[in-house]
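Residue-level structure breakdown
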Amino acid sequence: MAQAVLCVIFFGLVLLPHLCTSYQASYNPGSRRFIIQSSSNDESQASTSMPACSSIPSGPANENRLPLMHRDSPCSPLASAGKKNRQASSTDVFERDVQRLRTIFAVARPGKADASAAAPTPAPASGVTLPITGTDNSPVLGSLDYSVTVGFGTPAQKLSMDFDTLRLGRVSTLRCKPCRAGAAPCDPAFDPSMSSSFAGVACGPECPSVCHGSACSLNMTFWTNHSMLVVANGTYVKDTLTLSPSATVDNFVLACIDVDRFHLFTRSSGLLDLSRSSFSLVSRLATSTSPADNTTAAFSYCLPASPASSRGFLSIGGALPDLSGGDAGSTPLVDNTVYYKNDYLVKLSGINVGGTDLPIPATESSLAALEVGASFTFFVPGIYGALRDEFRKQMTKYKMAPPYRGLDTCYNFTGLPGFEVPGIILEFEGGATLQPDMDQMMYFVDGDDSFNYVCLAFGALPGQFPYSVIGNRAQQTVEVVYDVRGGKVGFIHGSC
């Protein structure tokens, strides 16, 4: 679950101490099952102590790696800001996932033309029923869990920014001074007057927007309760983006935005666009290197398994790692220049549940998007139905519990000293796999010290969705490598 770090030991049937949550877990490769036992109170108390905050290993091999933090991590620079805001509950997480899925569907449904960077986030189709019902009650600016600290300007002003791999009607954005009158707190924000390399963007090829008169600007709009709400005015600017002392991007274009009630939406200073859109940071890096240069990855990330962990990282423009080792694999990127040209789509070839192979139904789309903005994983109906039915078949000896919001495969393990669950392996074209650990695969609704309400952390999408969405929980502890020039995505297990 989101509050726990799973330290699963892949070591036969021996139950080794679980150092991070209030239960112990091990994995049996032979039967492909997780074995979970309740920890003693003493062990549980000893395990809940927060680790000391430490950065990722430094050195030449890691100079492009930026420490990546969950916004609720005690090690995150946003943690102090978080004390002023209510931290996200499990209900909030589901609501954010719903908002995210609605927006993805609005952008990705076949026949939807690709909007310009200045266009508003499209309104969700009124007839679409997503896994959790609700109302469009807020913008999704605060829906991203992970941030990095970068520099902008000369000298560099250090600012925490979220990052996104899907372009949902937005580009890289940054809150800039002077802030809108009455929009407190103003900080953290970029101060253009303190930068010697700051410049505006003139109308023309550099402008991501359709110019209005002589101004390269935009209004950032979102749909709320099926009406459009302008939440930010923006002006496109360019300045030096500093990723590390040895990695800078000159004249990087982003939108300086003025957001009303900014602190209600997000604690970060802005958003780094890492999509495949023409004005993203990824596209900028791709055009600045030789087409024959296949030695660097566009970017990679490793999401930590818990907000308490400080071991995550985001690497931009780093050396391309070996994806042919025993703990690594790669899968081709799907290029669709009509509908999904800005997305990182891959193909599922099957799902293994406790040793049973489930092929992708011929009637279902095998496409899947790798998502950092959604927490849970949602499959198109036929794929989820096969996964759910096989999982339940292997769990018939346990008492089921009522569905929890969008999760409909739940169990009550109250009074049991432990339980077993089948492992799940997501298999991709080309042989790459993702195998979520226990914390990524199961959701403990009442916290990791309670066995009375535990759900499979996967859900179903409505039939209209063109592809499945693999959320950030399923990707945790795995380095996901985006080799855009090479046309593939790689997975390196156990990187953080």
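Residues numbered from 1 in each chain as written. Predicted model: local features only at pLDDT ≥ 70, side-chain atom pairs only at ≥ 80, totals over all residues. Heavy atoms only, no water.

The next point concerns the sheet that holds strand β25 (residues 454-456). Spatial ordering of the open sheet is given by β19-β20-β25-β24, a layout of four strands whose pairing is antiparallel. Of all the strands in the sheet, just β19 (399-401) and β24 (442-444) have a single pairing partner and so form its edges. Each adjacent strand pair in this sheet contributes to an overall mean axis angle of 35°, direction not counted. Pairing between β24 and β25: three bridges, direction antiparallel. Looking at the pairing, M442 lines up with L456 of β25. (Pairing = 2+ DSSP bridges. Helix = DSSP H or I, 4+ residues; strand = E, 2+ residues; numbered from the N terminus. Axes fitted to C-alpha atoms, helices over the stretch in contact; angles between N-to-C directions.)

With that out of the way, let us pick up the nonpolar core. By size, the foremost hydrophobic cluster in this structure holds 79 residues, and its most contacted members are F163, F299, Y301, V421 and M438. Counting residues per element, this core draws most heavily on strand β10 (residues 247-259), which supplies five residues. In contact with V421, not counting residues within four places along its chain, are R33, F34, I36, F391, M395, M438, M441 and M442. Membership of the second largest hydrophobic core comes to 27 residues, among which are F105, Y340, L461 and Y467. (Core = buried A, V, L, I, M, F, W, Y, C linked by side-chain atoms within 4.5 Å. Buried < 20%, exposed > 50% of the residue type's maximum accessible area, 1.4 Å probe, protein only. Contact = heavy atoms within 4.5 Å.)

Scanning the entire structure with this criterion turns up five disulfides. Sulfur-sulfur distance for the disulfide between C207 and C216 comes to 2.0 Å. With the S-S bond torsion at 100°, the cross-link from C207 to C216 turns out right-handed. Covalent S-S linkage joins C410 and C455, the inter-sulfur distance amounting to 2.1 Å. On the sign convention where negative means left-handed, the S-S torsion of about 105° between C410 and C455 marks this disulfide as right-handed. Of this pair, C410 sits in strand β20 (residues 410-412) while C455 sits in strand β25; the two residues are 45 residues apart in sequence, bridging distant segments of the chain. Exposure class is identical for C410 and C455. Each is buried. (Disulfide = S-S within 2.5 Å.)

As a further point, take the environment of D322. Relative to the assigned elements, D322 resides in the loop between β13 (312-316) and β14 (328-332). Residue class for D322 comes out exposed when judged on its relative accessible area of 55%. Sequence spacing of D322 and G490 is 168 residues, and the spatial spacing of their C-alpha atoms is 9.1 Å.

Once that is clear, we can look at the side chain of D145. Within the secondary structure, D145 is located in the loop between α3 (90-108) and β4 (146-152). D145 sits in the buried class, given a relative accessible area of 5%. For D145, the side chain forms a polar contact with the side chain of R96, separated by 2.8 Å. Non-local contacts of D145, meaning those with residues more than four positions away in its chain, are made with M69, H70, R71, R96, S375 and N472. (Polar contact = N/O pair within 3.5 Å; in protein donor to acceptor, adjacent residues only side chain to side chain.)

The next subject is the sheet that holds strand β1 (residues 23-28). Either a parallel or an antiparallel arrangement is found when strands of a sheet pair, and the pairing is made through backbone hydrogen bonds. Judged by pairing direction, the sheet is antiparallel, and its three strands sit side by side in the order β1-β2-β21 without closing on themselves. The sheet terminates laterally at β1 and β21 (418-422), the two strands that pair on one side only. Across this sheet, the average inter-strand angle for adjacent strands is 20°, counted without regard to direction. Where β1 meets strand β2 (residues 33-38), six bridges bridge the pair, whose relative direction is antiparallel.

Once that is clear, we can look at the confidence of the model for the protein chain. Within the protein chain, residue pLDDT values average 76, and 71% of them lie at 70 or more. By mean pLDDT, helix α1 (residues 41-47) is the weakest element of the protein chain at 40, and strand β22 (residues 424-428) is the strongest at 97. Low pLDDT (under 50) marks residues 1-20, which in the prediction has 69 contacts with non-local residues, meaning those over four places away or in another chain. Note on residues 56-61: pLDDT is under 50 here. Beyond four places in sequence and across chains, it has eight contacts. (pLDDT = per-residue confidence, 0-100.)

What follows concerns the pattern of salt bridges. Note on pairing: side chains with opposite charge can pair once their charged atoms come close. Counted by the stated rule, this structure contains nine salt bridges. Its salt-bridge partner being K238, residue E206 comes within 3.0 Å of it at the nearest N-O pair. Here K238 lies in strand β9 (residues 227-244) and E206 lies in the loop between β7 (199-200) and β8 (217-224), a separation of 32 residues in the sequence. Classification of E206 by relative accessible area gives partly exposed; the value is 34%. K238 gets classed as buried once you look at its relative accessible area, which sits at 16%. Here D389 ties to R388 by a salt bridge, and the two come within 3.0 Å at their closest N and O atoms. (Salt bridge = Lys/Arg side-chain N within 4 Å of Asp/Glu carboxyl O.)

Another aspect to go through is the packing of aromatic side chains. Scanning the entire structure with this criterion turns up 19 aromatic pairs. Relative to Y301, the ring of F163 lies with its centre 5.9 Å away and its plane at 45°, an arrangement referred to as tilted. Note that F163 is positioned in strand β5 (residues 157-164) and Y301 in strand β12 (residues 299-302), a separation of 138 residues in sequence. A relative accessible area of 0% places Y301 in the buried class. Here F376 and Y443 contribute two aromatic rings whose centre-to-centre distance is 5.2 Å and whose plane-to-plane angle is 85°, an arrangement assigned as edge-to-face. Taken as a pair, F376 in the loop between β17 (367-370) and β18 (377-379) and Y443 in strand β24 lie far apart in primary sequence, 67 residues in all. There is no split in this pair, since F376 and Y443 are both buried. Following the ring pairs from residue to residue traces out a cluster consisting of F391, Y398, Y411, F413, F419, F444 and F451. Geometry around F313 places R65 over its ring, the cationic atom sitting 3.8 Å from the centre. (Phe/Tyr/Trp six-rings, centres within 6.5 Å; stacked < 30°, edge-to-face > 60°. Lys NZ or Arg CZ within 6 Å of the ring centre and 35° of its normal.)

To continue, consider helix α6 (residues 381-393). Here α6 spans 18 Å end to end across 13 residues, near enough to the 18 Å set by a 1.5 Å rise per residue. For α6, every residue scored as buried is listed here: I383, Y384, G385, L387, E390 and F391. (Expected span 1.5 Å × (residues − 1).)

Residues of β17 alternate between two faces, with L367 and A369 on one and A368 and L370 on the opposite face, all of them buried. As paired elements, strand β15 (residues 345-353) and β17 share three bridges and run antiparallel to each other. Paired with V346 across the two strands is A368, which belongs to β17. The pairing of β17 with strand β27 (residues 468-470) spans three bridges and is parallel. For L370, the partnering residue across the bridge sits in β27 and is I470.

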